[in-house]
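Descriptive structure summary
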Amino acid sequence: MPELPEITAYVRALEPRVLGRVLETVRIRTSSLLRTFDPRVSELEGRRLTTVRRVGKRIVFELEGEFLAVIHLMIAGRLWWRGRGATIPKKRGHAAFDFPNGTLLLTEASTHKRASLHVVRGEEALAALDPGGVEPLEVDFNAFRKALLRENRTLKRALTDPRILSGIGNAHSDEILLEARLSPVRRTRQLDQGELQRLFESTRRSLSEWVERLRTDFGYEFPEKITAFHQAMMAHGKFGQPCPQCGGPIQRIVYGGRETNYCPGCQTGGKLLKDRALSKLLREDWPATLEDLETGVEARRKA
């Protein structure tokens with residue numbers, strides 16, 4: 001799933017291509033993509049795009065008249081910049097956004113169509129789509145600590161819960177926790193002040209480094225190799241490979257179709273985390289679906 005660094009890369013690539021341009025046409029191929037009906041998506045057409053920004057893991061296009069197009073790529077959604085009027089791919093294409101100088105294609109390489117497009121008007125309507133987590137690269141330690149300790153979650157869940165922290169998902173949470181040398185199943189309220197400070201610093205450092213790494217990787221080109229398993233990652237997707245910090249093999253927990261990678265030597269005092277032993281814990285501290293993970297629905301359901 002594209003996370004804060006990857007969404008930032010998309011935003012940076014889109015700005016010089018679409019800012020100030022008129023959105024001529026929106027072509028929707030997959031009806032499940034569009035999650036709103038008022039305003040109509042056709043009301044975006046003919047309006048100049050004034051801002052491109054990130055809200056959590058969403059990309060927001062702001063157009064004249066306070067119209068906003070909000071794209072959530074979920075796990076397998078991707079964006080492609082092509083020549084004006086490019087055809088939407090038959091098998092995995094969702095939509096096309098036509099500008100005078102090119103076309104932005106939205107695709108999803110999955111049989112489960114989870115990517116979404118919301119068309120709303122005004123900041124209040126946009127805020128209703130934001131789960132409300134704090135921006136990890138914008139807040140100070142006290143705000144980070146307050147958000148993290150609001151609920152007693154496992155660290156893996158706390159980092160990836162969009163109601164707590166904005167923009168972090170499965171991949172970058174693994175990287176952050178390895179750098180911080182903290183177990184993914186430690187509870188937030190078990191951390192002492194020094195560990196909280198270490199997690200705060202590791203979160204900011206890891207995300208900042210990845211933002212800059214992707215800036216360097218893509219340069220002025222449009223990002224076409226956005227992936228959850230980047231070769232340069234230390235932990236995520238590295239099961240069985242040597243930990244770059246201690247040399248021990250990276251291990252993993254697989255639950256609900258999601259994988260958590262960690263280093264026993266650096267993060268758990270050498271202890272292996274067993275999937276079966278963790279099943280009860282994870283059922284209590286893990287969302288039922290990816291949609292729940294992104295919206296906080298399960299938290300509202302339990303409230």
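Before reading further, recall that the structure is shown in the block above.
Residues numbered from 1 in each chain as written. Predicted model: local features only at pLDDT ≥ 70, side-chain atom pairs only at ≥ 80, totals over all residues. Heavy atoms only, no water.

Strand order in the open sheet made by the 4 strands is β2-β7-β8-β6, with antiparallel pairing throughout. Both outer strands of the open sheet, β2 (25-28) and β6 (77-82), are each paired with one neighbouring strand and no more. Neighbour to neighbour, the strand axes of the sheet diverge by 15° on average, direction disregarded. Bridge count for strand β7 (residues 93-99) against strand β8 (residues 102-108) is 6 bridges, and the pairing is antiparallel. Bridging from a neighbouring strand, phenylalanine 99 pairs with glycine 102 of β8. The sheet strands contacting helix α1 (residues 4-18) are β6, β7 and β8, and the helix crosses β6 at an angle near 30°. (Pairing = 2+ DSSP bridges. Helix = DSSP H or I, 4+ residues; strand = E, 2+ residues; numbered from the N terminus. Axes fitted to C-alpha atoms, helices over the stretch in contact; angles between N-to-C directions. Contact = heavy atoms within 4.5 Å.)

Moving on, we come to the sheet that holds strand β5 (residues 67-72). Spatial strand order, β1-β3-β4-β5-β9: 5 strands in an open sheet with antiparallel pairing. Each edge of the open sheet carries a strand with a single partner, namely β1 (22-23) and β9 (116-121). Direction of pairing for strand β3 (residues 47-55) relative to strand β4 (residues 58-63): antiparallel, over a ladder of 6 bridges. If you follow threonine 51 over to β4, its bridge partner there is glutamate 62. Along the sheet face, α1 touches β3 and β4 and points at about 160° away from the line of β3.

In this section: the side chain of glutamate 195. Here glutamate 195 is to be found in helix α6 (residues 193-218). Taking the relative accessible area as the measure of exposure, glutamate 195 reaches 15% and is therefore buried. When near neighbours in sequence (up to four residues on either side) are disregarded, glutamate 195 contacts Leu182, Arg186 and Gln190. (Buried < 20%, exposed > 50% of the residue type's maximum accessible area, 1.4 Å probe, protein only.)

Right, let's talk about the packing of aromatic side chains for a bit. In this structure the tally under the stated criterion is 5 aromatic pairs. Ring geometry for phenylalanine 141 versus phenylalanine 200: centroids 5.6 Å apart, planes at 65°, classification edge-to-face. Residue phenylalanine 141 is found in helix α3 (residues 141-149), and its partner phenylalanine 200 is found in helix α6; the two are separated by 59 residues along the sequence. Accessibility assignment for this pair places phenylalanine 141 and phenylalanine 200 in one class, buried. Clustering of aromatic rings is evident, with ring pairs tying together Phe141, Phe144 and Phe200. Of note, arginine 213 hangs over the ring of tryptophan 210, and the distance from its end group to the ring centre comes to 4.8 Å. In this structure, arginine 252 packs its charged tip against the face of phenylalanine 239, placed 4.0 Å from the ring centre. (Phe/Tyr/Trp six-rings, centres within 6.5 Å; stacked < 30°, edge-to-face > 60°. Lys NZ or Arg CZ within 6 Å of the ring centre and 35° of its normal.)

Turning next to the nonpolar core. One finds Leu14, Leu44, Phe61, Leu79 and Phe97 to be the most contacted residues of the largest nonpolar core, which totals 38 residues. Apart from the residues within four sequence positions on either side, leucine 14 is in contact with Leu19, Val52, Ile59, Phe61, Leu79, Leu104 and Phe222. Counting residues in each nonpolar core, the second largest holds 22 residues, with Phe141, Ala158, Leu165 and Leu177 among its members. (Core = buried A, V, L, I, M, F, W, Y, C linked by side-chain atoms within 4.5 Å.)

For the rest of this paragraph, the subject is the packing of helix α5 (residues 170-180) against α6. One can describe the packing of α5 onto α6 by two numbers: an axis separation of 9 Å at closest approach and a directional angle of 130°. Classified by the angle between their axes, α5 and α6 sit oblique to one another. Crossing of α5 over α6 shows right-handed handedness. For the pair formed by α5 and α6, the contact residues are His172, Glu175, Ile176, Leu177, Glu179 and Ala180 on the first element and Arg198, Leu199, Ser202, Thr203, Arg205, Ser206, Leu207 and Trp210 on the second. A class-by-class count of the residues in the contact of α5 with α6 yields 6 nonpolar, 4 polar and 4 charged. (Parallel < 35°, antiparallel > 145°, perpendicular 65-115°, else oblique. Left-handed = near helix turned anticlockwise from the far one by under 90°. Nonpolar A, V, L, I, M, F, W, Y, C, P; charged D, E, K, R; others polar.)

For the rest of this paragraph, the subject is unusual backbone geometry. Cis geometry marks the peptide bond from aspartate 38 to proline 39, where omega comes out at 5°. With respect to the helices and strands, proline 39 occurs in the loop between β2 and β3. In this structure, methionine 74 is a non-glycine residue whose phi angle is positive, near 50°. Here methionine 74 shows up in the loop between β5 and β6. The class for methionine 74 is buried, based on a relative accessible area of 4%. The phi torsion at arginine 181 lies on the positive side, around 60°, for a residue other than glycine.

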